[in-house]
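One letter stands for each residue in the lines below.
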Amino acid sequence: MKLTEIDHVAIAVADLDAAVSYYEEAFGATVNHRETIEKDGVEEALLKVADSYVQLLTPIRDDSPVAKYIQAKGEGIHHVGYRVDNCQEAIDQVRAAGGRLIDEVPRPGSRGTTIAFVHPKGAFGTLIELVQE
Ligand code: CO
């Protein structure tokens, strides 16, 4: 397994529309995809940058992990998504290397991807998402 691309950098924001407007006006970015992921309690806007995305992420419920993140740490970088060819193989390799997984088996992500999260504890403080397109 290897990482083939940075899929996205996810940024937790309190006001998604305000953040999208800022990225449009300040950086000329355009929204490529917008989706609500009910299970994770978030709404996201994906702004394409070359072959990667900036993922602006806002909570839709108070019990959403992103809501708790913003309460504890404020807005800012929430996780980094790395593209992999095979999510299950990537999970197995992280486990074999002694990493801690949040998702032991791959699950559906946004825009039809298959994903798994790696716990920041054991990953030098960064929440990592493995993304298979
Ligand atoms: Co993500």
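As the structure is a prediction and not an experimental result, all values here were calculated from the model.

Basis of the calculations
- Residues numbered from 1 in each chain as written.
- Predicted model: local features only at pLDDT ≥ 70, side-chain atom pairs only at ≥ 80, totals over all residues.
- Heavy atoms only, no water.
- Donors = N, O, S within 2.8 Å, 3.2 Å for Na, K, Ca; no water.
- Helix = DSSP H or I, 4+ residues; strand = E, 2+ residues; numbered from the N terminus.
- Buried < 20%, exposed > 50% of the residue type's maximum accessible area, 1.4 Å probe, protein only.
- Contact = heavy atoms within 4.5 Å.
- Phe/Tyr/Trp six-rings, centres within 6.5 Å; stacked < 30°, edge-to-face > 60°.
- Lys NZ or Arg CZ within 6 Å of the ring centre and 35° of its normal.
- Arc of directions from axis to C-beta.
- Polar contact = N/O pair within 3.5 Å; in protein donor to acceptor, adjacent residues only side chain to side chain.
- Pairing = 2+ DSSP bridges.

**Examining the coordination of the cobalt ion**
For a metal with four donors in a tetrahedral arrangement, the ideal angle between donors is 109.5 degrees, while six donors in an octahedron ideally sit at 90 or 180 degrees.
For step 1, the next point in the chain: All of the protein donors around the cobalt ion are His 8 (NE2), His 79 (NE2) and Glu 129 (OE); their distances to the metal are 2.0 to 2.1 Å.
For step 2, the next point in the chain: The sequence pattern describing where the donors of the cobalt ion fall on their chain is H-x70-H-x49-E. One end of the pair, His 8, is in strand S1 (residues 5–12); the other, His 79, is in strand S5 (residues 76–83), and 71 residues separate them in sequence.
For step 3, the next point in the chain: Owing to a relative accessible area of 4%, His 8 belongs among the buried residues under this scheme.
For step 4, the next point in the chain: In this structure His 79 comes out as buried when scored by relative accessible area, which is 3%.

**Concerning the environment of Glu 35**
For step 1, the next point in the chain: Here Glu 35 shows up in strand S2 (residues 31–37).
For step 2, the next point in the chain: Residue classification places Glu 35 among the partly exposed residues on the basis of a relative accessible area of 22%.
For step 3, the next point in the chain: Along the primary structure Glu 35 and Ala 45 are separated by 10 residues, whereas in three dimensions their C-alpha atoms are 6.7 Å apart.
For step 4, the next point in the chain: Apart from the residues lying within four places of it in its own chain, the contact partners of Glu 35 are Val 42, Glu 43, Glu 44, Ser 110 and Arg 111.

**So, the packing of aromatic side chains**
For step 1, the next point in the chain: Applying the stated criterion across every chain yields a total of three aromatic pairs.
For step 2, the next point in the chain: Here Tyr 22 and Tyr 23 contribute two aromatic rings whose centre-to-centre distance is 5.8 Å and whose plane-to-plane angle is 85 degrees, an arrangement assigned as edge-to-face.
For step 3, the next point in the chain: Given a relative accessible area of 19%, Tyr 23 falls into the buried group.
For step 4, the next point in the chain: Between Tyr 22 and Phe 27, the ring centres sit 5.5 Å apart and the planes meet at 85 degrees, which makes this aromatic pair edge-to-face.
For step 5, the next point in the chain: On the basis of relative accessibility, which here comes to 49%, the residue Tyr 22 falls in the partly exposed class.
For step 6, the next point in the chain: In textbook terms, an aromatic cluster arises when at least three aromatic residues are bridged by ring pairs, as seen for Tyr 22, Tyr 23 and Phe 27.
For step 7, the next point in the chain: The ring of Tyr 53 carries Lys 48 above its face, with NZ or CZ at 5.2 Å from the centroid.

**A word on helix H3 (residues 87–96)**
For step 1, the next point in the chain: Within H3 the residues assigned to the buried category are Cys 87, Ala 90, Ile 91 and Val 94. The buried residues of H3 occupy an angular sector of 100 degrees when the element is viewed end-on, so they sit on one face.
For step 2, the next point in the chain: Against strand S7 (114–118) and strand S8 (128–132) lie the buried residues of H3.
For step 3, the next point in the chain: At the N-terminal end of H3, a side-chain oxygen is found 3.0 Å from the backbone nitrogen of Gln 88, two or three residues along, and the residue is Asn 86.

**Side note on the pairing of S1**
Looking along a regular strand, one sees side chains alternate from face to face of the sheet.
For step 1, the next point in the chain: Note that S1 and S5 share seven bridges and pair antiparallel. Following the sheet pairing, Ala 10 is matched in S5 by His 79.
For step 2, the next point in the chain: In this structure, S1 lies alongside strand S4 (residues 52–59), joined through five bridges in parallel fashion. Across the sheet, His 8 pairs through a bridge with Tyr 53, a residue of S4.

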